[in-house]
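A closer look at the structure
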Amino acid sequence: MNYGTKSTIIPSITHQPLSVNKSLSLYSPLFQTLPLMASLLILTLFTTISFSSPVFASEPEAKTYIFRVNSFYKPAVFPTHYHWYSSEFTEPVNILHVYDTVFHGFSASLTPSQAASVLQHPSILATFEDRLRQLHTTRSPQFLGLRNQKGLWSESDYGSDVIVGVLDTGIWPERRSFSDLNLGPIPTRWKGVCETGDKFTAHNCNRKIIGARFFSKGHEAAPGFGPIGAGSNNTVEFKSPRDADGHGTHTASTAAGRHAFRASMSGYASGIAKGVAPKARLAVYKVCWKNSGCFDSDILAAFNAAVSDGVDVISISIGGGDGISSPYYLDPIAIGAYGAVSRGVFVSSSAGNDGPNGMSVTNLAPWLTTVGAGTIDRNFPAEVILGDGRKLFGVSLYAGKPLNGKMFHVVYPGKSGVLSASLCMENSLDPHLVRGKIVICDRGSNPRVAKGMVVNKAGGVGMILANGVSNGEGLVGDAHLIPTCAVGANEGDAIKSYIAKNPTASATINFHGTVTGVKPAPVVASFSGRGPNGLNPEILKPDLIAPGVNILAAWTDAVGPTGLDLDNRKADGAAALLKSAHPDWSPAAIRSAMMTTANLVDNRLQPMTDEATGKPATPYDYGAGHLNLDLALDPGLVYDLVNEDYVSFLCAIEYGPNTIQVITKSPVNCPMRKPLPENLNYPSIAALFSTASRGVSSKTFFRTVTNVGDANTVYRVKFEAPKGVTVSVKPAKLVFTEKVGKLSYYVTITVDSKNLVLNDSGAVFGSLSWIDGTHVVRSPIVVTQMSPL
């Protein structure tokens, strides 16, 4: 059914009829409801897009569009939303997914003119093109403070009967980590299914993997992708929940893997492997496909299914990357997560892998719990021994035939000045230069382990993988296929200098297995996404960090542990535990418990450091700190949030009612007096002052805490004011009783522009803690200056 035509389509928030000579009429409310920066962005689009009717030689290629629909418009004559969409909006064959739980709407494969026609329907709140996302790619439970027979593991019965939904690349169900031995019946509230497909039958589900689904319609409809199956995209893939990549299996076993005795990775890290919540049930939602990413339409369908199925926790390690974050109303991960959180489902997301650059953190919505990566106290040391006797230390998980101390000529192809050769890209190495030698390859662009394959193909016998300045000294242990040692930027420069001065330079590589008790740990991983929050700096992101480096866990049999097609070797549970121990806690309460009890020191009892620089880390790097689950079991106080709080926040950042409905599903009315975004009841405080202000300036923040500990208790405030900043708190004492379980306080932060000196990250940092003699409920304070728009 046609509601008018339009030659060009861009994301729409509100609906009005459009004509060529009044092309701005459809979008004019947008300029009243969005921040100035977004308005300028949209204005730029309008100056570069012509709304006159172009002449096409043929209809453009179909794309996938996601439509957000105001469900209140559905005529009663249609029994379901699908009947309505397929009757009034487009042909049934064009519809890919129908969303009815976390999101009201549908995705469809349409030409731009067809999409423009659908856009004219008065029930359409917003539309956006499908977007490709990328994945953010056994000792960690002990490092988080978990111990057998005590604390959170015991209190939560190891996460028993909590259902963790994992949105990832699927699962390899035969792994020992997914055994259902001695697990009780599947929780009766579970409504999901075990979807069968290529190499995956109903028998692959059990009392551990209680559900499995796959979502491929958006992927298959995308231009340039096509049908999924063995041989698609020049690789092995399964059109089923079976994991051909390894990332999903690894993530699922890390979060909720059972105890697997005598586990190791080719001899490394041998011992008992177990996830953070070993008795939790797993629901697998395959949305990402090997070597081809994950599409928004499929991710949104998985969110919709997971919440409808009855999961308690959703883990998603997917994001846009590149340090670019869409506004919440154009971000299906944010929209899907809001729908989940509004129904009591905790959503944990990764901060991304684009660190150590500032403002690189992704997944910024305040209803998401955004987790960065830290190291653990286990390492896999290796060393490069140079011909002059120097030993330079690095890491490796190489498990093949060693070099046995034999020295080889060492070369650096990058000295030619050709970037592809310095990075050891495919077909970039001259066999005459590298045959029989150890080759230095710079880190970046292509996968670390793939560089070794390039060296091997050109005849090299080993590789030294050297960090650049951006990676600093941050190292990742990889299961390399040839003898390889990864070294930091300083060591890499030293080896290159040695080669430049010695035409006959030589080296060998030694491997030292597994070492535990490494100090310092944790350290903020160099690749972990960093703050400040690029959308709303009033909300500190990431929220916290957790183990995310050199975590060995279950893997797929479809590829070897490097993930390379030529490798034929075989090889978020934290919230689940808290949900099991405290089933009545909201997602915000769980996040608060983890944030306010997080660690700020490493195992030397020194402030945590940044792996990229070796300097002390800041809340822009680690948020509230490093996760300590045993303390999170009993946080004392929590900062809770309900749906209305998030709506108030969206009003505060100047989203209009229709824009907010794109996210929340329900119509809203913002208050006449605009709230302040910094007054969202978050467990951290970020104070932004204008660089144009001179003299003394103050800001006051309002927070409410809920007592989840002993009923009769008194908390007193303690704060560490950031350098050059004055902090005051009223009241300074909170008295809780049987009848008073929730109390509020004000924090006033005052700066004098003459005395405020920001550090290298552009901010200064402090903290505020409430203490009752047993609990320390700590919130980070960030003070910065920003230029007004």
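An unreviewed UniProt entry annotates the chain as Subtilisin-like protease SBT1.6 originating from Anisodus tanguticus. In the Sequence similarities (unreviewed entry) part of its UniProt record, the chain is described as follows: "Belongs to the peptidase S8 family."

1. Digging into the overall build of the chain
Per the secondary structure count, the chain includes 20 helices and 35 strands. Classification of the 789 residues of the chain by burial places 59% in the buried group. For the chain, the accessible surface area stands at approximately 31000 Å², while carbon and sulfur atoms represent 54% of it.

2. Quick word on the pairing of strand β33 (residues 742-752)
Sheet topology note: the strand β29 (residues 696-707)/β33 ladder contains 11 bridges and is antiparallel. Paired with S698 across the two strands is T750, which belongs to β33. As paired elements, strand β31 (residues 725-730) and β33 share six bridges and run antiparallel to each other. For S728, the partnering residue across the bridge sits in β33 and is T748.

3. Remarks on the packing of aromatic side chains
As enumerated under the stated definition, the model contains 24 aromatic pairs in all. Here Y338 and Y646 contribute two aromatic rings whose centre-to-centre distance is 6.4 Å and whose plane-to-plane angle is 75 degrees, an arrangement assigned as edge-to-face. For the pair formed by Y338 and Y646, the shared burial category is buried. Judged by centre distance (5.1 Å) and plane angle (45 degrees), the ring pair of Y398 and F511 falls under tilted. Residue Y398 is located in the loop between β19 (391-395) and β20 (408-411), and its partner F511 is located in strand β24 (residues 506-511); the two are separated by 113 residues in the primary sequence. One aromatic cluster is present, built from ring pairs that chain together Y328, Y329, Y338, W367, Y646, F649 and Y655. Over the aromatic face of W172 sits the side chain of R242, whose NZ or CZ is 4.4 Å from the ring centroid.

4. Topic: the state of the cysteines
The final tally for this structure, using the stated rule, is four disulfides. Between the sulfur of C288 and that of C294 lies a disulfide, 2.1 Å long from S to S. For the disulfide bridge between C288 and C294, the dihedral angle about the S-S bond is near 95 degrees, and by the sign convention the bridge is right-handed. Given a relative accessible area of 1%, C288 falls into the buried group.

5. Focus: the pairing of strand β4 (residues 124-129)
Burial analysis of β4 places five of its six residues in the buried class, which makes it a mostly covered element. Pairing of strand β1 (residues 63-69) with β4, which is carried by five bridges, proceeds in the antiparallel orientation. Bridge assignment links I66 to a residue of β4, and that residue is F128.

6. Quick word on unusual backbone geometry
For the bond from K541 to P542, the omega torsion is 0 degrees, close enough to zero to count as cis. Looking at the element boundaries, P542 is found in the loop between β25 (515-516) and β26 (544-547). Here the bond from K730 into P731 is cis, since omega is -10 degrees, no more than 30 degrees from zero. The phi dihedral of N291 falls on the positive side, at around 65 degrees, and the residue is not glycine. Inspection of the secondary structure assignment puts N291 in the loop between β11 (288-289) and β12 (293-295). By relative accessible area, N291 is classed as exposed at 53%. Positive phi is not limited to glycine here, since M359 has a value of about 60 degrees. By secondary structure assignment, the location of M359 is in the loop between β15 (346-350) and β16 (369-374).

7. Brief notes about the sheet that holds strand β35 (residues 776-786)
Sheet architecture is open: five strands sit in the order β28-β35-β34-β30-β32, paired in mixed fashion. Two strands bound the open sheet, and with one partner strand each, they are β28 (685-690) and β32 (733-736). The sheet shows a mean angle of 20 degrees between the axes of neighbouring strands, taken without regard to direction. Where strand β30 (residues 713-720) meets strand β34 (residues 763-771), five bridges bridge the pair, whose relative direction is antiparallel. For E720, the partnering residue across the bridge sits in β34 and is S767.

8. Some words on the confidence of the model for the chain
Here the chain averages 82 in pLDDT, while 82% of its residues score no lower than 70. Low pLDDT (under 50) marks residues 259-274, which in the prediction has 50 contacts with non-local residues, meaning those over four places away or in another chain.

9. Overview of the sheet that holds β1
Reading across from one edge, β2-β3-β1-β4 is the order of the four strands in this open sheet, with antiparallel pairing throughout. One side of each edge strand has no neighbouring strand; the edge strands of this open sheet are β2 (95-99) and β4. Strand-to-strand twist across the sheet, computed as the mean angle between neighbouring axes with direction ignored, equals 20 degrees. Sheet analysis places β2 next to strand β3 (residues 105-110), joined by four bridges and oriented antiparallel. Counted as the bridge partner of Y99 is G105 from β3. With respect to the sheet, helix α3 (residues 81-88) is in contact with β1, β2 and β3, its orientation differing from that of β2 by roughly 140 degrees. Its contacts with the sheet place helix α9 (residues 296-309) against β1, β2 and β3, and it is angled at close to 35 degrees to β2.

10. Topic: the environment of A244
Relative to the helices and strands, A244 resides in the loop between α7 (217-221) and α8 (247-256). For the pair A244 and N291, spaced 47 residues apart in the sequence, the C-alpha separation amounts to 9.9 Å.

11. Notes on helix α20 (residues 657-664)
Burial of α20 is extensive: six of the eight residues sit out of reach of the surface. Buried within α20 we find T659, I660, Q661, V662, I663 and T664.

12. Considering helix α16 (residues 587-596)
The buried fraction of α16 amounts to 10 of the 10 residues, a majority that puts the element mostly inside the structure. Within α16, the full set of buried residues consists of P587, A588, A589, I590, R591, S592, A593, M594, M595 and T596.

13. Some points on the nonpolar core
Nonpolar side chains in soluble globular proteins tend to be buried together. By size, the foremost hydrophobic cluster in this structure holds 96 residues, and its most contacted members are Y285, I314, Y328 and W367. Sorting elements by how many residues they give to this core places α9 first, with eight residues.

14. A short note on the packing of α9 against helix α10 (residues 332-341)
Axis separation between α9 and α10 bottoms out at 9 Å; the angle between their running directions is 5 degrees. As summarised for this structure, α9 and α10 are arranged roughly parallel, according to the angle between their axes. Along its contact with α9, which presents D296, I299, L300, F303 and V307, the element α10 presents P332, I333, G336, A337 and A340. Classifying every residue of the contact of α9 with α10 by side-chain character gives eight nonpolar, one polar and one charged.

15. Here we look at the pattern of salt bridges
The tally for this structure, following the rule as stated, stands at 20 salt bridges. D621 serves as the salt-bridge partner of R530, at 3.0 Å between the closest nitrogen and oxygen. Its salt-bridge partner being D543, residue K541 comes within 2.9 Å of it at the nearest N-O pair. Of the two residues examined, K541 and D543, each falls in the buried class. One salt-bridge network, in which partners are shared between bridges, spans R133, D296 and D331.

Each value, and the rule that gives it
- Residues numbered from 1 in each chain as written.
- Predicted model: local features only at pLDDT ≥ 70, side-chain atom pairs only at ≥ 80, totals over all residues.
- Heavy atoms only, no water.
- UniProt positions renumbered as here; feature names shortened; annotations may be inferred.
- Helix = DSSP H or I, 4+ residues; strand = E, 2+ residues; numbered from the N terminus.
- Buried < 20%, exposed > 50% of the residue type's maximum accessible area, 1.4 Å probe, protein only.
- Areas by Shrake-Rupley, 256 points an atom, 1.4 Å probe, with all protein chains shown as cover.
- Pairing = 2+ DSSP bridges.
- Phe/Tyr/Trp six-rings, centres within 6.5 Å; stacked < 30°, edge-to-face > 60°.
- Lys NZ or Arg CZ within 6 Å of the ring centre and 35° of its normal.
- Disulfide = S-S within 2.5 Å.
- Axes fitted to C-alpha atoms, helices over the stretch in contact; angles between N-to-C directions.
- pLDDT = per-residue confidence, 0-100.
- Contact = heavy atoms within 4.5 Å.
- Core = buried A, V, L, I, M, F, W, Y, C linked by side-chain atoms within 4.5 Å.
- Parallel < 35°, antiparallel > 145°, perpendicular 65-115°, else oblique.
- Nonpolar A, V, L, I, M, F, W, Y, C, P; charged D, E, K, R; others polar.
- Salt bridge = Lys/Arg side-chain N within 4 Å of Asp/Glu carboxyl O.

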